[in-house]
Amino acid sequence: MKVLASVALAAVVALSPTLLAQWPAFKTPNVPRNADGTPNLTAPAPRTPDGKVDFSGVWGAGGGGGGRGRRGQPPPPAPADRPPLAAFFDIGANIQGGAPMTPWAAALKKERMANGMQDNPDAHCLPIGFTQYHTHPQPRKMLQTPGEIVIIYESNYGLRHIFTDGRKAPPPDDQDVTPWWYGYTVGTWEGDTLVATTTHLRDGMWLDVNGTPLTDQGKIVERFRRPNFGTLEIDITIEDPKAFTKPFTVRVNQRIEVDSDLIEFICNENERSSKHFVDIRDIPPAAPPAGAAPAPPAGAPAAPAAPAAPPRPAGQQK
């Protein structure tokens, strides 16, 4: 399946040391460093000339600190009093009882998974869902200016704009507003927290690999914090009365990646996999290995379990 293949490729891309050679070796400027030259991840967060926390940098969801292929420690887990962590394959995996989906959304997700997730936009080189991007193993770069923050996702070359120039979001009932893959995002500041509110999304979106739905009735509020140089915390609140019975919040933790940069990722280049998509429900069961006992007919009693192996003497190796 293209979805799983793209995830595997992303892991290779994110972790392969050979990709360090994409650019000649360089040092990211203005990075606080320890005596041994490693980045001081606990140093204070940088600030822009107007005093705002500066979110600029390359951020990795699976670790960070040392650049691609030389990742530091993974992001710290959320404390018990913080939102559950978002998961790449299933946004609700760490929520007790799962994401609070409506019956319609739960049935749609089940259908998408039964179909092998082959309709995930990622499988067709289309923009990936919000939380799938936030948790993706490929990094993303944030560029901050006085009136706008741009997020460039390496995966599928995604591009988002968060406008902090004072503009207002389009009216919710304006039928002339064209819905967008990433919606319309307006950012405001609450102290050192950037609050980004997104509305007017396209219908039929996927929040994660498994197909948790997001509809055109959805609203997403992201709260970005940079408590120190090396850490980015994003609390994501999702509200969608068609897909969810109530709003819910998950957290994404990311780490800075220095002395590294994004690589070019053109998903549609030489794309040949989509013609091989199949419905996994049409794949016949695999034949039993040679010499294996045939499967019992439907309704037959199960064979007795094999006896447990005797205890291994102390000191004996496998």
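Since this is a predicted model, take the numbers as computed values, not measurements.

A.B. asks: Any details on the overall build of the protein? Residues and values, ideally.
C.D. replies: A count of helical and extended segments in the protein gives three helices and 11 strands. When the helices and strands of the protein are read in sequence order from the N terminus, they spell out α-β-α-α-β-β-β-β-β-β-β-β-β-β. Going through the 318 residues of the protein one by one, you find that 45% of them count as buried. Long-range contacts, defined here as pairs at least 24 residues apart, represent 62% of the contacts in the protein between residues at least 6 apart. Surface summary for the protein: the accessible area is close to 17100 Å², and the carbon and sulfur share equals 58%.

A.B. asks: For the packing of aromatic side chains, give the residues involved together with the corresponding values.
C.D. replies: Aromatic rings considered in pairs are described by the distance between their centres and by the relative angle of their planes. Evaluated as defined, the whole model comprises seven aromatic pairs. Judged by centre distance (4.2 Å) and plane angle (15°), the rings of Y133 and Y153 are stacked. Of this pair, Y133 sits in helix α3 (residues 130-134) while Y153 sits in strand β3 (residues 148-153), and the two are 20 residues apart along the sequence. There is no split in this pair, since Y133 and Y153 are both buried. Connected via pairs of aromatic rings, a cluster forms that spans F55, W189 and F224. Over the ring of F163 we find R167, and its NZ or CZ is 3.7 Å from the ring centre. Taking the ring centre of W181 as reference, the NZ or CZ of R202 above it sits at 4.0 Å.

A.B. asks: Quick rundown of the pattern of salt bridges? Include the residues and the values.
C.D. replies: Across all of its chains, the model carries 12 salt bridges by this definition. Put simply, E233 and R225 hold a salt bridge, and the shortest N to O gap is 3.5 Å. Note that D235 is salt-bridged to R251, the shortest N-O span being 2.6 Å. Taken together, the residues D235 in strand β10 (residues 231-239) and R251 in strand β11 (residues 248-257) connect sequence positions 16 residues apart. The two residues D235 and R251 agree in class, both being buried. When salt bridges with common partners are traced through the structure, they connect R225, E233, D235 and R251 into a single cluster.

A.B. asks: Which residues make up the state of the cysteines, and what values do they have?
C.D. replies: Inspection of the entire model under this criterion finds one disulfide. Each sulfur in the disulfide pair C125 and C267 lies 2.1 Å from the other. Its S-S torsion of about -70° marks the bond between C125 and C267 as left-handed, since a negative value means left-handed. Within this pair, whereas C125 is found in the loop between α2 (103-114) and α3, its partner C267 is found in the segment after β11, the two being separated by 142 residues in sequence. As far as burial versus exposure is concerned, C125 and C267 are alike and both buried.

A.B. asks: Please set out the side chain of R140 residue by residue, giving values where relevant.
C.D. replies: Note on placement: R140 falls in strand β2 (residues 140-144). Buried and unpaired, R140 has no salt bridge, with E257 as the nearest side chain of opposite charge at 6.6 Å. Looking at R140, its side chain comes within polar contact range of the main-chain oxygen of Y133, at 2.6 Å. At 3.3 Å, the side chain of R140 and the backbone oxygen of Q138 are in polar contact.

A.B. asks: I'd like a description of the nonpolar core, backed by residues and values.
C.D. replies: Counting residues in hydrophobic clusters, the biggest one holds 41 residues, and the most contacted among them are F55, M142, F224, I238 and F248. Once you skip the residues sitting within four places of it in the chain, F248 turns out to touch I91, I95, A99, P100, I236, T237 and I238.

A.B. asks: Tell me about α2, residues and numbers included.
C.D. replies: Residues three or four positions apart in an α-helix share a direction because the helix packs 3.6 residues into each turn. Helix length check: α2, at 12 residues, gives a terminal C-alpha distance of 16 Å against a target of 16 Å (1.5 Å per residue), a fit within 8%. Along its buried surface, α2 packs onto β7 (205-206) and β8 (213-214). G116 sits one or two positions beyond α2 and adopts a positive phi of about 75°.

A.B. asks: Give a detailed account of the pairing of strand β5 (residues 184-190), specifying residues and quantitative values.
C.D. replies: One ladder, built from seven bridges, connects β5 with strand β6 (residues 193-199); its direction is antiparallel. Paired with T188 across the strands is V195, a residue of β6. Hairpin remark: β5 followed by β6, antiparallel, with two residues in the connecting loop; positive phi at G191, about 65°.

A.B. asks: I'd love a proper account of the confidence of the model for the protein, names of residues and values included.
C.D. replies: Per-residue confidence for the protein averages 82 on the pLDDT scale, and 74% of its residues sit at or above 70. Note that pLDDT drops below 50 for residues 1-6; the model gives that stretch 15 contacts with residues more than four away or on any other chain. In the predicted structure, residues 63-75 sits below a pLDDT of 50 and forms 52 contacts with residues beyond four places in sequence or in another chain.

A.B. asks: If you had to explain the pairing of strand β4 (residues 158-163) to someone new, which residues and values would you point to?
C.D. replies: The alternating pattern of β4 places G158, R160 and I162 on a buried face and L159, H161 and F163 on a face that is not buried. As defined by bridge partners, β3 adjoins β4 across six bridges and the pair is classed as antiparallel. Directly across from I149, in β4, lies its bridge partner I162. Taking the residues between adjacent antiparallel strands as the criterion, β3 and β4 are bridged by four residues, where N156 takes a positive phi near 55°.

Rules of the game
- Residues numbered from 1 in each chain as written.
- Predicted model: local features only at pLDDT ≥ 70, side-chain atom pairs only at ≥ 80, totals over all residues.
- Heavy atoms only, no water.
- Helix = DSSP H or I, 4+ residues; strand = E, 2+ residues; numbered from the N terminus.
- Buried < 20%, exposed > 50% of the residue type's maximum accessible area, 1.4 Å probe, protein only.
- Contact = heavy atoms within 4.5 Å.
- Areas by Shrake-Rupley, 256 points an atom, 1.4 Å probe, with all protein chains shown as cover.
- Phe/Tyr/Trp six-rings, centres within 6.5 Å; stacked < 30°, edge-to-face > 60°.
- Lys NZ or Arg CZ within 6 Å of the ring centre and 35° of its normal.
- Salt bridge = Lys/Arg side-chain N within 4 Å of Asp/Glu carboxyl O.
- Disulfide = S-S within 2.5 Å.
- Lys, Arg positive; Asp, Glu negative; His and termini not counted.
- Polar contact = N/O pair within 3.5 Å; in protein donor to acceptor, adjacent residues only side chain to side chain.
- Core = buried A, V, L, I, M, F, W, Y, C linked by side-chain atoms within 4.5 Å.
- Expected span 1.5 Å × (residues − 1).
- Pairing = 2+ DSSP bridges.
- pLDDT = per-residue confidence, 0-100.

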